[in-house]
Amino acid sequence: ERCCSCEGRLPGGIVPGIETGRTYGLALRWCYGAGMDPLAGSAWSQPATVEGFVQSAPNAVLMRFAALERARSRGSRLLDVGCGAGRNALPLAHLGWDVLGIDLSAPMLAAAAGRAGEPQGSGRLHLAFAPMDRIPVADESVDFVVAHGIWNLATSTAMFRRAVRDAARVAKPG
């Protein structure tokens, strides 16, 4: 189900709100229309910034914690809020998490999609063009929420609060 008339036309096969070919078993709640890139012209869309994140190593502390959590968790759904170029999302997928990465930078998501398509890609990484405060995921449907280095980019206290509240909304209890 589409929530707007964008028909999913974004770079690299990224669909507003949810990835094509698989719904990740989650309800679509919101998306941006095609051609509307709120970060166009910002540092987050510059080729040098994108390439820097493509080359960046994943966060080692996060990877250790996620590996321990994956071993003890019965569920496998992970949401990476502000996934960028996939520097954490792809390694998390390799740990066995079924990752949905969301971001508002179309070039970053295109880079993440390119990395996921590499031969070592596990097929467990799914991407959506969505903001941190309107997550296109059903209530209580995610086992693990990652928001590494994103909430500080909120443009207001109200946006920050909405983002934290929305991440809590999608997290399973416990």
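Bear in mind that the values here come from a model prediction, so they are computed numbers and not experimental data. (Residues numbered from 1 in each chain as written. Predicted model: local features only at pLDDT ≥ 70, side-chain atom pairs only at ≥ 80, totals over all residues. Heavy atoms only, no water.)

(A) Summary view of the overall build of the protein chain. Per the secondary structure count, the protein chain includes five helices and five strands. For the protein chain, the sequential pattern of α-helices and β-strands runs β-α-α-β-α-β-α-β-β-α. Burial status across the protein chain gives 43% buried among its 174 residues. Within the protein chain, contacts between residues at least 6 apart in sequence are counted, and of these 74% link residues at least 24 apart. Put simply, the protein chain shows about 8,500 Å² of open surface, and 53% of that area lies on carbon and sulfur atoms. (Helix = DSSP H or I, 4+ residues; strand = E, 2+ residues; numbered from the N terminus. Buried < 20%, exposed > 50% of the residue type's maximum accessible area, 1.4 Å probe, protein only. Contact = heavy atoms within 4.5 Å. Areas by Shrake-Rupley, 256 points an atom, 1.4 Å probe, with all protein chains shown as cover.)

(B) Local environment of the nonpolar core. Counting residues in hydrophobic clusters, the biggest one holds 20 residues, and the most contacted among them are Leu 78, Leu 92, Trp 97, Val 99, Leu 125 and Phe 144. Among the elements of the structure, helix 2 (60-72), helix 3 (89-94), helix 4 (106-116), strand 4 (125-129) and strand 5 (144-146) are those that each provide at least two residues to this core. Sort the elements by how many residues they give to this core and helix 3 lands first, with four residues. Leu 100, Met 132, Ala 154 and Ala 163 belong to the second-largest nonpolar core, a separate cluster that totals 16 residues. (Core = buried A, V, L, I, M, F, W, Y, C linked by side-chain atoms within 4.5 Å.)

(C) Geometry of the environment of Pro 131. Mapping Pro 131 onto the fold places it in the loop between strand 4 and strand 5. Each C-alpha atom, one on Pro 131 and one on Gly 82, is 8.0 Å from the other, the two residues being 49 residues apart in sequence.

(D) Examining the pairing of strand 4 more closely. Of all the five residues making up strand 4, five are buried; the element is thus mostly covered by neighbouring parts of the structure. Residues Leu 125, Leu 127 and Phe 129 of strand 4 are buried on one face, and the alternating residues His 126 and Ala 128, pointing to the opposite face, are buried as well. Alignment of strand 3 (residues 98-103) against strand 4, held across five bridges, turns out to be parallel. By the bridge assignment for strand 4, Val 99 is matched with Leu 125. (Pairing = 2+ DSSP bridges.)

(E) Focus on the pairing of strand 3. The buried fraction of strand 3 is high, at six of six residues. Of the two faces of strand 3, the one holding Asp 98, Leu 100 and Ile 102 and the one holding Val 99, Gly 101 and Asp 103 are both buried throughout. Direction of pairing for strand 2 (residues 77-81) relative to strand 3: parallel, over a ladder of five bridges. Bridged to Asp 80 within strand 3 is Gly 101. The β-α-β motif built from strand 2, the intervening helix 3 and the parallel element strand 3 has right-handed crossover chirality. (Right-handed = clockwise from strand over helix to strand, strands pointing away.)

(F) Spatial organisation of the packing of helix 1 (residues 47-55) against helix 4. Look at helix 1 against helix 4: their axes get within 10 Å of each other, and the N-to-C directions meet at 35°. At the point where helix 1 passes helix 4, the crossing takes the right-handed sense. Note on element contacts: helix 4 touches helix 1 through Pro 107, Met 108, Ala 111 and Arg 115, opposite Thr 49, Val 50, Phe 53 and Val 54. (Axes fitted to C-alpha atoms, helices over the stretch in contact; angles between N-to-C directions. Left-handed = near helix turned anticlockwise from the far one by under 90°.)

(G) Representation of the pattern of salt bridges within the structure. Applying the stated criterion across every chain yields a total of five salt bridges. In this structure, Lys 172 and Asp 143 form a salt bridge, with 3.1 Å as the shortest nitrogen-oxygen distance. Taken together, the positions of Lys 172 in the segment after helix 5 (157-170) and Asp 143 in the loop between strand 4 and strand 5 put the pair 29 residues apart, joining distant regions of the chain. The exposure class assigned to Lys 172 is partly exposed, which follows from its relative accessible area of 38%. (Salt bridge = Lys/Arg side-chain N within 4 Å of Asp/Glu carboxyl O.)

(H) Seen up close, the packing of aromatic side chains. Applying the stated criterion across every chain, the model contains four aromatic pairs. Taking the centre distance of 5.2 Å and the plane angle of 70° together, the rings of Trp 97 and Phe 144 count as edge-to-face. With a gap of 47 residues between them, Trp 97 in the loop between helix 3 and strand 3 and Phe 144 in strand 5 connect regions that are remote in the sequence. What makes Trp 97 buried here is its relative accessible area of 0%. Relative to Phe 160, the ring of Trp 151 lies with its centre 6.3 Å away and its plane at 90°, an arrangement referred to as edge-to-face. (Phe/Tyr/Trp six-rings, centres within 6.5 Å; stacked < 30°, edge-to-face > 60°.)

Geometric descriptors of this kind do not, in isolation, establish any biological role.
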